[in-house]
Amino acid sequence: MLHNAKNNYISSNFFGVTQLENKTQNILNLSGKTSHNVIQNNQTMGATPKTDALRIILQNNSDLSSNVIDFGKDNNEILKSKFVEKTSNE
Amino acid sequence: MRILPTIFAFLLSSLLFSQKMNLTDFAHSKTGDDILKAVSIIKRDYSAKKKRVVLEIPPGIYTLTQPLVLDKYISLEGDESGGTVLQVKVQNMEGIILENNRSETDINSGYNTIRNLTITGPDFGKNPFEWKDTSKNNIRSIGIKIQGLRNRIENCTIDGFLWSGILVSGSYYNYISNNFIKNNRIGITLENTSTSGFISGNELRIDGAGLLIHQNSYANFISNNMIENNLGNMLNEPNSKDMTVSAGNGLII
């Protein structure tokens with residue numbers, strides 16, 4: 001499985017997130033050498049107020065810094081704080 | 001003399017544009033084998049002369065015993081109601097394959113179109129959240145496999161395939177729009193250096209994962225899709241020994 005897509009443009013999609021038992025949908029999963037993709041202006045919404053609708057998986061050991069992920073100012077703040085929290089716990 | 005331009009225009013259009021044919025032109029019954037037979041005749045009588053044909057398939061349920069392999073000169077069109085159903089019952093077989101053809105003459109002649117079809121796989125009608133035996137790699141269980149260049153997939157429902165609803169492999173210039181793709185292992189897969197794909201207006205729902213872009217695929221445009229509730233149990237859990245992608249992702253890239 002080679003996750004090395006590049007220069008793809010993903011915009012204006014709607015991600016509806018639901019939970020099933022203890023499993024929640026991730027909206028994005030980036031890994032491997034995927035690079036220079038732009039993911040912006042997408043909408044995301046959880047099935048309930050408690051559903052985490054901003055679950056993004058960034059695989060360890062991958063340099064994903066060339067990708068652009070932009071879910072708007074407020075959501076970006078949440079994503080940043082999640083990332084900081086995760087890295088400080090590692 | 002005024003009639004000459006009209007005659008010229010008619011002759012030109014007959015050379016350039018597609019000819020519509022109906023399955024009933026080839027068979028009185030309505031079976032999957034009749035479609036295979038019709039495609040075979042069209043290849044012999046029209047594709048060989050580089051004439052484009054749109055094969056219209058009336059409403060009905062057609063069980064395919066082999067994949068429908070279409071060349072660059074054949075398009076398929078079902079009934080607008082969604083009542084034209086092509087069903088694949090076996091576990092490791094494609095529904096439709098758009099052939100790999102890099103001939104400049106053929107690929108510049110226009111787009112293949114697959115429109116208004118419902119294509120169901122072996123898991124059609126099963127609960128998407130139930131446990132599946134993910135140890136079996138049914139890599140041929142694909143609703144539409146796109147290999148050639150310049151294709152349009154429009155207004156189709158694709159449901160219940162064990163590998164991917166639509167798989168684009170090493171292909172360029174594809175428009176995949178306004179389809180309902182559900183209950184597949186992966187909704188849409190772009191792989192093997194696929195590029196210039198425009199994927200828009202689709203609903204990707206209750207698949208194991210909505211969309212997978214990998215293997216050096218680049219410059220694809222994914223917009224205005226609904227990607228929702230892709231928690232189907234057709235993929236392994238993240239920590240599984242199996243290296244396939246994990247379930248529960250909207251977009252894997």
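From a predicted model like this one, the values you see are computed outputs, not experimental measurements. (Residues numbered from 1 in each chain as written. Chains lettered and ligands numbered in written order. Predicted model: local features only at pLDDT ≥ 70, side-chain atom pairs only at ≥ 80, totals over all residues.)

Asker: Give me the confidence of the model for chain B: which residues, what numbers.
Answerer: The pLDDT averaged across chain B works out to 89; a share of 86% of its residues lies at or above 70. Listed scores for the predicted complex are pTM 0.91 and ipTM 0.93. (pLDDT = per-residue confidence, 0-100.)

Asker: Tell me about the sheet that holds strand β21 (residues 226-228) of chain B, residues and numbers included.
Answerer: The strands making up a sheet associate through backbone hydrogen bonding, with each pair oriented either parallel or antiparallel. With parallel pairing, 9 strands are arranged side by side in an open sheet as β7(A)-β2(A)-β21(B)-β18(B)-β15(B)-β12(B)-β9(B)-β6(B)-β3(B). Lying at the two open borders of the sheet, with one neighbouring strand each, are β7 (43-46) of chain A together with β3 (60-63) of chain B. Looking at each pair of strands side by side, their axes are set apart by 15 degrees on average, direction ignored. Summarising the sheet, strand β12 (residues 157-159) of chain B and strand β15 (residues 180-182) of chain B pair through 3 bridges and their orientation is parallel. The residue bridging B:Thr157 from the neighbouring strand is B:Phe180, located in β15(B). (Pairing = 2+ DSSP bridges. Helix = DSSP H or I, 4+ residues; strand = E, 2+ residues; numbered from the N terminus. Axes fitted to C-alpha atoms, helices over the stretch in contact; angles between N-to-C directions.)

Asker: Can you explain the sheet that holds strand β1 (residues 19-22) of chain B? Please cite residues and give values.
Answerer: An order of β9(A)-β6(A)-β1(A)-β20(B)-β17(B)-β14(B)-β11(B)-β8(B)-β5(B)-β2(B)-β1(B) is seen for the 11 strands of this open sheet, with the pairing classed as parallel. Two strands in the sheet have a free side with no partner beyond their single neighbour: β9 (68-70) of chain A together with β1 of chain B. On average, each strand axis in the sheet is tilted by 10 degrees relative to the strand beside it, whichever way the strands run. Sheet topology places strand β17 (residues 195-200) of chain B next to strand β20 (residues 221-223) of chain B; 3 bridges connect them, and they run parallel. Opposite B:Ser200, over in β20(B), you have B:Ser223 as the bridge partner. The strands that helix α2 (residues 32-45) of chain B touches are β2 (53-56) and β5 (74-77) of chain B; relative to β2(B), the one it contacts most, it runs at about 165 degrees. (Contact = placed C-beta atoms within 7 Å.)

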